[in-house]
Amino acid sequence: MKTMRCSILCFVVLLLAAPLLRGQDLSKYRHFTFGMSLSRVLERTDQKMADVKVIHGRPALVQELNWWPPNLIGTSFRSDTVEQILFSFYDAQLYKIFVTYDRTSTEGLTAEDMVKSISAKYGPATSVKPEVNPATNERYDMKQKPIATWEDSQYSFNLVRSSSSGSFQLVIYSKRLKAEAEVALAEAVKLEKQEEPQREAERQKEQTGDLEATRQKNQKNFHL
């Protein structure tokens, strides 16, 4: 009997914990999962490769895609709360999502309201910090700092408020892919600095050649 009671108790605990475990899945935002291919995101947002911006091509391909969700009845994406989403890709894999919420939809909401809403989906925040009012703090740092964070060993969700517009934003990323992307971005900047003198010399050579071609053409066509 004792063994049966323990088994039943464990089963009940698992049932109660199941919704919480499901709510703490930080690997996705809406219908977008980290590691998802660029082509898949384009398909889900109904955009084309022409809409993708290349940030760096070497030593790894880093790209960005801006998306303004449509406000169409009956679609799975609605712009009732989200104004814009910026997707970042490392080697064509989704590694970061930057969500800007519509100010009209969040007007009057406090940071506590936003934390409560996000926690209902992703579970309790792992850290919450009091929001700083720049108007009353002379030492206010313009760099965006998280109001609240939800994270595990692989992913991080960060609620911030724009220092310029006051809009609530959500910065979400895969820790592994973001770390790899940042290494690639730092190396890309290093390569650009190393190659800058050569590019400048080529630019000046091309400019000189164009000027000489124009000079020769005008010599033939010039009349007093």
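Report on the accompanying structure. (Residues numbered from 1 in each chain as written. Predicted model: local features only at pLDDT ≥ 70, side-chain atom pairs only at ≥ 80, totals over all residues. Heavy atoms only, no water.)

## Digging into the layout of surface pockets
In this structure, the second largest pocket spans a volume of roughly 290 Å³. As for the second largest pocket, its lining consists of Y29, R30, T81, Y101, T106, L109, M114, S117, I118, K121, Y122 and L170. If one sorts the elements of the lining of the second largest pocket by residue count, helix α4 (residues 111-122) sits on top with 5 residues. Classifying every residue of the lining of the second largest pocket by side-chain character gives 7 nonpolar, 3 polar and 2 charged. (1 Å grid on protein atoms, 1.4 Å probe; cavity = no way out; pocket = protein on both sides within 12 Å on 5 of 7 lines; lining within 4 Å. Points joined across faces, edges and corners; volume = space filled by probe spheres on them. Helix = DSSP H or I, 4+ residues; strand = E, 2+ residues; numbered from the N terminus. Nonpolar A, V, L, I, M, F, W, Y, C, P; charged D, E, K, R; others polar.)

## Observations regarding helix α2 (residues 38-45)
If you check which residues of α2 are buried, you get L38, V41, L42 and T45. Projected down its long axis, α2 carries its buried residues within an arc of 100°, all on one side. Exposed residues pointing more than 90 degrees away from the buried face of α2 are listed as S39 and E43. Buried residues along α2 sit in contact with β2 (32-33), β3 (52-56), β4 (62-67), β5 (82-90) and β6 (93-101). With its phi angle positive at about 60°, D46 sits one or two positions after the end of α2. (Buried < 20%, exposed > 50% of the residue type's maximum accessible area, 1.4 Å probe, protein only. Arc of directions from axis to C-beta. Contact = heavy atoms within 4.5 Å.)

## Some thoughts on the pairing of strand β9 (residues 155-161)
With 6 of 7 residues buried, β9 lies mostly within the body of the structure. Pairing analysis gives 4 bridges linking strand β8 (residues 148-151) to β9, with the strands arranged antiparallel. By the bridge assignment for β9, W150 is matched with F157. Hairpin geometry of β8 and β9 is characterised by an intervening segment of 3 residues between the two adjacent antiparallel strands. Looking at chain direction, β9 and strand β10 (residues 168-174) are connected through 7 bridges and run antiparallel. Counted as the bridge partner of S156 is Y173 from β10. The hairpin formed by β9 and β10 contains 6 residues between the paired strands, and G166 there has a positive phi angle of roughly 85°. (Pairing = 2+ DSSP bridges.)

## Remarks on the sheet that holds strand β7 (residues 127-128)
Pairing is antiparallel across the open sheet formed by 8 strands, whose spatial order is β3-β4-β5-β6-β10-β9-β8-β7. On the outer flanks of this sheet lie β3 and β7, each paired with one strand and no other. Bridge count between β7 and β8: 2 bridges; the pairing is antiparallel. Within the sheet, the bridge partner assigned to V128 lies in β8 and is A148. Its contacts with the sheet place α2 against β3, β4, β5 and β6, and it is angled at close to 10° to β4. (Axes fitted to C-alpha atoms, helices over the stretch in contact; angles between N-to-C directions.)

Everything listed is a geometric property; what it means functionally is a separate question.
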